[in-house]
Each structure stands twice: as structure tokens, then as C-alpha cells.
Amino acid sequence: MANYYNIDDILAEEEFVPVVFHKAANGVVIDPSSETNSVEQGAKVELPLWLAQELYLRQAISISVPACFSQRTRLEIQADAACVDLKSRSPYFYEFGCKIAPLVGDKTIEILLLSAFKIRYKEILTKAYTAVFTTTSKFLTLLTKEETNLYEAAQASMAAFKKWRMGGPRLQRASVLGRKRKPLD
Amino acid sequence: MAGQSDPHISLFSAEEVEFMAEDELIEIVPNLRMDPLNFICGDFGPFLPQIATQVPFWLAVALKKRGKCAIRPPQWMSVENLTQVLERERESQGAFQVLPFHYVEISRLLFDHARDDIPDMYMVRSLIEDIRDVRIHKVETSLEKFSGTSAVKIPNLSAMEVNIIRPFVGRALQAFYKHDNPEKIPDVDRPSSAQTRVANNEPRRPLRR
Amino acid sequence: MASSGGEWSAEQIDDYEALISTTDVELLKKAWRNEKASPEILPFEEALVKRAKEQIQLMEETVDDFEESGHDPLIVSLYQMDLDRVQFLLRSYLRVRLQKIEKFMFYIWKTDTYRNRLSIEEEKFTERCIRDMGKHLEETVLSKMPDNYQSVLKQSVISEEDDMVPEPQLDTFVVAKCERTTRPLYLDGSRQSAGFDSRDDHFQMVPGDLCILRYRPFQEELTSGNISLV
């Protein structure tokens, strides 16, 4: 697995998904407030994606579309994608969407992700290059993790360029470099 | 450990792009007499007073700093030409005007070290800044046209412009590509071997998949 | 491409570049650009590095001679600048490769294609990195884990493949300059290619073209020298 150590990938799988148990399961405590340590057939619970994925493969549960991809969110995104608070829906909105789509068999999720991203990246870019921090700070709270990365990437590279353009120290040379090499032995 | 590099590190620093530009050739008019220089990067000179000769930028700047030459600004760096370029740049949404690959770095080097050699320096400088801003804006607003593609031609974009947009454009295109071709980039090794497994007696699964 | 108007046509720039790209410094610079920009480790430029080292040594001796024989300090400093520039390129080139090795040591080691791209010194370096990393993980973590979970490479004994090994991400986008006309490529993806001025069912680059590319389909074009990265 290429991105085994990718912390964002791990966290995206911590997002909860609504599931329905097809089988009764004994010896598990999913709801700490419940009095028994079993789950009944037909029970509706929320599980983290990594667990749901495994149970799904064992045909123990079926998975429904999580709330952050609900019809209401879709309508909001259609209306004004740039203003939707995706972070509160899921800081891993895109990655989570990619992972959940095949499990719930919903191809429209990918379309939703793409159309949301297409509109939002422009806004991110404009804000990253032009706006002052005070007017952007509210906007930044609406962004998912990857969108924040994008924002920071754009801002950092423009800042680096501006710094260069203003001049300042040239390529700095460590004092040990440029001296004559001496043989190691 | 995602492949896309850390957003805080752009691949080449602006200084490294400048380093590359310094190998471009420029005409100088020396005011000293000096034998040919046989460098690893090539042979230059001989240098004779008032006789123009071509040298790499870094050498031109080194000589200029010591008061040993005048630098002849490149032909494209005139107010007339740049005014035209800017006008055409604004008119055409579809294309970038032809400028040297290192025009941003070259102009900064000249503004910093050879002000007295550039006629209308302030005008030239503000034209170049405007041109660059128009061009960068053009690339970035056109990004969604490239949704889902693997290859985009960016004719006539310059080295520094590429470097500025790279961190953002690279990530954005990767996201476009991923969402347009969901099956192409397996994020995790998705159980595409889709056999559902039999419960219970199976050995314990790997901790992460 | 708009080549009318303006002082330089694309062809002129190309011819000019081809003319000066003959020195080893230019070749080293290209190797450095490619290595820095590509997500995977590229074949080691053995002959080129050897030549560059020889030229650096020769120039160091020349500069020494100049200093001793009381040459004009201006000339000595110019030669020193030339030397510094080449040394920077060589050092940076070697260092980028070491960084890639450190990041992907296990993957490079078990993949023949990559392993064959290393120099002898780099191979030794990789071997030691793997040994040290293995020893460190062993002592700090793995020896305290249950028997089935003690591998550096596998999550557990039932893992079919090395599922804890980071790999280079070849779907990264890179910026490339065309050196020689490329083969027409039929790219996968819902749309083949796009440009400001063209859309076609296959994608081909001609000298002077500048493109943003997904790295994977263009691997061969890079190793064959048809494109270079910027």
C-alpha cells in the first residue's frame, strides 16, 4: 500500500458512516449506553469507515450514504459551492467521498465532488493571492484539509516569489562550501 | 508520505530558477582588456574595450558589479515591444505572447545590477510586472478546462511563471484527475478483487487496507 | 503556438538551445532538473558525473595555480565562480537522489528497475539505510509486538504483499519541455488532452512545447530524452 503512513488517509477512514446490520453480532459493544453486549439484526448504527468496510466485505452490514453527501448538501453545493462549510461536514470531504462511493454504489458522489471542487478551487486561488488575512480567516474555516493544503501551497509559492523579487540575500553559501576539498583520508 | 510534495516546499526555489537563468547569454561591452576565459561551462572572450561580446548572465553581472562593463539590454526589453506584448496579452484569452523563457529572472537581474544600462527602467519594470500578472491569472482561471486530462500544453509560459503556479496547479490537476477517473487512482488498495469474504474463520485481517 | 510578432520565434529559441546544450554543464543541469522534478529515482548519470568530477578537479588545480602564480584576483574570482556553479549542480544532483533513496529505500531495493538505476555508492547507501532503519524499528517497536506483527514491510504475517512500503506517486503532475518530437500518445482518462489552442484525440509534443503532464504515461519519453522536466 503506497500511502500506508499517510496520516490524512488514516483520518479519512475515521469518518462515521450509517450502517444496518444484516446479522446479529454477539460480543461487541457499539453503543456504550446499551445494556447488552450484542447488536441485533436490523440494528441501525454508525461505524467508522475502516470498520464498516470490513463488515461490508463480510456481508454483515449494508452501508447508506453518509449525511455529508445528503440531498440537502448537494442542493447547497449547487446553489453556491464556494460558501458551503465543507469542513464541518467532513474535513476529508473529497477523500471520504472517494472511498464511500464504491461501497454505497453511488456514482453521483464523484460528480458532486468534482463539481464542488471545480468551483471552490477558484475561490481558494483568488483568496490565496489577493485577500488580506483578516478577510480570509472566516473563509478558511469552511475549507477541507486538502483545500487548506491548496490554499497554503498557492500562498507559499507566491510569497516565496515576492520575497525573491524584492531582492535580499542571494543563494546563501554555507561557509564550509566553496573551500577547497580535502581528501577524507 | 503522499507523493505530492509538502505544500510548503516548492520543487525549485525562486533562487534556483534564477540560477538556471544566469546561464543565458547576454551582450556586454567591456571596458577592460582580458584574455579569453576557458570555463567548465564554455569559453568566453577575449575581452577588449568597447568591443561587444556575449557572456552568460552571471559573468556579466560579476563584471558589471566591479565596474568592468556595460550590459546591453536584450531587444525585447523595450517600452514599445513590452507595451505591445501587454496589449496582446490582455486581448487574447487563448494564448500567451512569446517572451524568453527566463524573462522574469533576466529582468530582475538587470534591474538590480544594471539600472544605468536600461532606458526607461521604471516603465519597463512596471510593464513586465503587469504582463506577468495577466499571464499568471490567465493560467489559473483556465484550469477547469483541463479537468480530468493527463496533459496540458502551456505554450510560451516562462520558467518563473511555471514555478509560481506549480504547487497549486499540480495539486488541483491531480484532484481533477482523481475525481474524473475514480477507478484510476486507487487511494487505498481498494478491495477491487471484490470477492466478498466468508466470515468467521478467516485469519485476522491486516490492520490497515 | 503564436510565433508571429515578437522578436524570438520558438524555432530560433530551440536552435539556440540545442547549440549551447552541448557542454557537460548543460547536461548536468538537465539531469539535475529531471531528478528534482520527477517523483521516482532516475537512472544514475554515471559517465556524466565522472566527467564533471574530472573537470571540477582540473579547474580546482587551475585556480590553485593561478593563485600561486599571482594572477589578477579578478580573473581568479571569475574562475572560482564558474567552479562554484558546477559544484552546486553536482552536489544538488547527488543530494536529491539520496533524499529519494531515504524516502523510498525499501521500494527501491525490492524493485529491480529502480535498484539498477543506483550507482555503486548509492547501492551501499541504500543497503545501510535499510539495515539501520530495520535495526531501529526492531529495537524500538517490532521486538515488542506479537509474533505475527514483527515485519518491517508487512502489516502482519497474512499480508500477501509488502503493504507498509511507501512507493513513489507516479500520478503526480510535472512540467515538461519537449526536446525531440514525442510519440503520439493515446492517454487514458475521460478526455485525452487539452490545450489553450488545440484538442485532439492523441497527444504529441514537438520541440519547444511546454506542458503540464501526469508523470506516469510519460515515463519513457523522459528516460529516452524526448522530454525534460523543468
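This one's a predicted model, so the numbers in the text were calculated from it and none came from an experiment. Counting restarts for each chain, with residues numbered from 1 along the sequence as it is written. Each chain is given a letter, starting from A, and each ligand a number, starting from 1, according to the order in which they appear as written. For a predicted model such as this one, the threshold for reporting local features is a pLDDT of at least 70, and the threshold for listing and counting side-chain atom pairs is 80 or more; totals across whole chains, interfaces and linings nevertheless cover every residue.

J.: Please clarify how the overall build of chain C should be interpreted in this entry.
T.: Helices and strands together make up the secondary structure of chain C, namely seven helices and four strands. The N-to-C order of helical and strand elements in chain C reads α-α-α-α-α-α-β-β-β-α-β. Sorting the 230 residues of chain C into buried and exposed places 29% on the buried side. Here the contact rule is simple: place C-beta atoms from the backbone, and any two residues whose C-beta atoms are within 7 Å are in contact. Here the analysis covers contacts within chain C between residues at least 6 apart in sequence; of these, 66% occur between residues at least 24 apart. A run of DSSP states H or I qualifies as a helix once it reaches four residues; a run of E qualifies as a strand once it reaches two. Both are numbered from the N-terminal end. Each residue is classed by its C-beta neighbour count within 10 Å, where at least 20 other C-beta atoms makes it buried, 12 or fewer makes it exposed, and intermediate counts make it partly exposed; the C-beta atoms are placed from backbone geometry.

J.: In this structure, what is going on with the packing of helix α5 (residues 93-104) of chain A against helix α6 (residues 108-130) of chain A? I would like to understand it.
T.: The geometry of a pair of packed helices is captured by two quantities: the angle between their axes and the separation between those axes. Residue and element names in this part refer to chain A. Throughout, an axis means a line fitted to C-alpha atoms (over the contacting stretch in the case of helices), and angles, computed between N-to-C directions, take values from 0 to 180 degrees. Packing of α5 against α6 brings their axes to within 9 Å, and their N-to-C directions diverge by 160°. Between α5 and α6, the angle is such that the two are roughly antiparallel. Relative to α6, the crossing made by α5 is left-handed. Residues Tyr94, Gly97, Ile100 and Ala101 of α5 lie in contact with α6, whose contacting residues are Ile109, Glu110, Leu113 and Phe117. Under the grouping applied here, Gly and all other residues not named as nonpolar or charged are polar, the nonpolar ones being Ala, Val, Leu, Ile, Met, Phe, Trp, Tyr, Cys and Pro and the charged ones Asp, Glu, Lys and Arg. Among the residues making up the contact of α5 with α6, the classes are represented as six nonpolar, one polar and one charged. Roughly parallel covers angles under 35 degrees, roughly antiparallel covers those over 145, roughly perpendicular covers 65 to 115, and oblique covers all other angles. Crossing handedness: left-handed means the near helix sits turned counterclockwise from the far one by under a right angle, and right-handed means the same turn made clockwise.

J.: Explain the domain arrangement of chain A here, please?
T.: Often, the extent of an interface is quoted as the loss of accessible area on bringing the components together. Residues and elements named next belong to chain A. Partitioning chain A into domains gives domain 1 (1-64) and domain 2 (68-161). Each of domain 1 and domain 2 was reduced to a C-alpha centroid, and the two centroids are 27 Å apart. In this complex, domain 1 contributes 12 residues to the contact, which on the side of domain 2 involves nine residues. For the side of domain 1 that touches domain 2, the elements supplying multiple residues, two or more each, are α1 (7-12) and α2 (49-57). Here the residues of the side of domain 1 that touches domain 2 are counted per class, giving six nonpolar, two polar and four charged. Source of the domain bounds: an automatic or database domain assignment.

J.: Explanation requested: the domain arrangement of chain C in the structure shown.
T.: All names here are of chain C. Split by domain assignment, chain C resolves into domain 1 (23-165) and domain 2 (169-230). The centre of domain 1, based on its C-alpha atoms, is set 27 Å off from the matching centre of domain 2. At the junction of the two partners, domain 1 supplies eight residues and domain 2 supplies 10 residues. Looking at the side of domain 1 that touches domain 2 residue by residue, the class counts come to three nonpolar, two polar and three charged.

J.: How do you make sense of the sheet that holds strand β1 (residues 25-30) of chain B when you look at a structure like this?
T.: Backbone hydrogen bonds hold the strands of a sheet together, and the pairing may be parallel or antiparallel. Residues and elements named next belong to chain B. Here we have three strands laid out as an open sheet, ordered β4-β1-β5, and antiparallel in their pairing. Both edges of this open sheet fall to β4 (53-56) and β5 (69-72), since each of them pairs with a single strand only. Averaged over all neighbouring strand pairs, the angle between strand axes comes to 45°, with direction disregarded. Strands are labelled as partners when DSSP assigns at least two bridges between them. The pairing of β1 with β4 spans four bridges and is classified as antiparallel. Paired with Glu27 across the two strands is Gln54, which belongs to β4.

J.: What is the right way to look at the pairing of β1 of chain B in this model?
T.: Remember that side chains alternate between the two faces of the sheet whenever the strand is regular. Residue and element names in this part refer to chain B. Alternating residues of β1 divide into Ile26, Ile28 and Pro30, all buried, and Leu25, Glu27 and Val29, none buried. With four bridges connecting them, β1 and β5 associate as antiparallel partners. What sits directly across from Glu27, in β5, is Arg72.

J.: For this particular structure, what's the right way to read helix α2 (residues 57-65) of chain B?
T.: Structural remark: α-helix, 3.6 residues per turn; residues separated by three or four positions point the same way. Among all positions of α2 of chain B, only Phe57, Trp58, Leu59, Ala60, Val61 and Leu63 of chain B are buried. Gly67 of chain B sits one or two positions beyond α2 of chain B and adopts a positive phi of about 70°.

J.: Sorry, what's going on with α2 of chain A here?
T.: Residue and element names in this part refer to chain A. Along α2, the residues classified as buried are Leu49, Ala52, Gln53 and Tyr56. What you see down the axis of α2 is that its buried residues fit within an arc of 105°, all on one side. Next to the buried residues of α2 lie β1 (16-21), β4 (44-48), β5 (61-63) and α5. Directly beyond the C-terminal end of α2, a positive phi value near 55° is found at Gln59. Read the arc as the range of directions from the helix axis to the C-beta atoms.

J.: Is there a simple way to think about the confidence of the model for chain A in this case?
T.: Caution applies to low-pLDDT parts of the model: their predicted coordinates are not meant to be read in detail. Confidence of the predictor at the level of single residues is given by pLDDT, which spans 0 to 100. Taken residue by residue, chain A gives an average pLDDT of 84. The fraction at 70 or more is 86%. Least confident of the elements in chain A is helix α7 (residues 133-140) of chain A, whose mean pLDDT is 76; most confident is β1 of chain A, at 94.

J.: When you look at the sheet that holds β5 of chain A in this model, what are you seeing that I'm missing?
T.: Residues and elements named next belong to chain A. Spatially, β4-β1-β5 is the arrangement adopted by the three strands of the open sheet, whose pairing is antiparallel. One side of each edge strand has no neighbouring strand; the edge strands of this open sheet are β4 and β5. Averaged over all neighbouring strand pairs, the angle between strand axes comes to 40°, with direction disregarded. Two elements, β1 and β4, share five bridges in a ladder whose sense is antiparallel. When the sheet's bridge partners are listed, Pro18 is paired in β4 with Glu46. Across the face of the sheet, α2 comes into contact with β1, β4 and β5 while running at roughly 115° to β4.

J.: Mind showing me how you'd approach the nonpolar core here?
T.: Proteins that are soluble and globular tend to have nonpolar side chains buried together. Of all hydrophobic cores here, the largest spans 119 residues; its most connected members are Ala60 of chain B together with Cys211, Ile212 and Leu213 of chain C. Among the elements that make up this core, the one with the highest residue count is helix α6 (residues 159-180) of chain B (12 residues). In this structure Ala60 of chain B touches Ile26, Ile28, Val55, Cys69 and Ile71 of chain B, once residues within four positions along its chain are discounted. In this description, a nonpolar core means buried residues of the types Ala, Val, Leu, Ile, Met, Phe, Trp, Tyr and Cys, linked to one another by C-beta atoms lying within 7 Å. Counting six residues, the second largest nonpolar core, distinct from the first, contains Ile41, Phe104, Met105 and Tyr114 of chain C.

J.: Can you walk me through the confidence of the model for chain C in this structure?
T.: Residues and elements named next belong to chain C. In the predicted model, chain C carries a mean pLDDT of 87, and 85% of its residues have values of at least 70. Averaged pLDDT values over the elements of chain C bottom out at 45 in strand β2 (residues 194-195) and peak at 97 in helix α6 (residues 120-140). Contacts of residues 1-5 to residues separated by more than four positions or lying in other chains number eight contacts, the stretch itself having pLDDT below 50. Here residues 189-200 is modelled with pLDDT under 50, and outside its nearest four sequence neighbours on either side it reaches 35 contacts, counting other chains as well.

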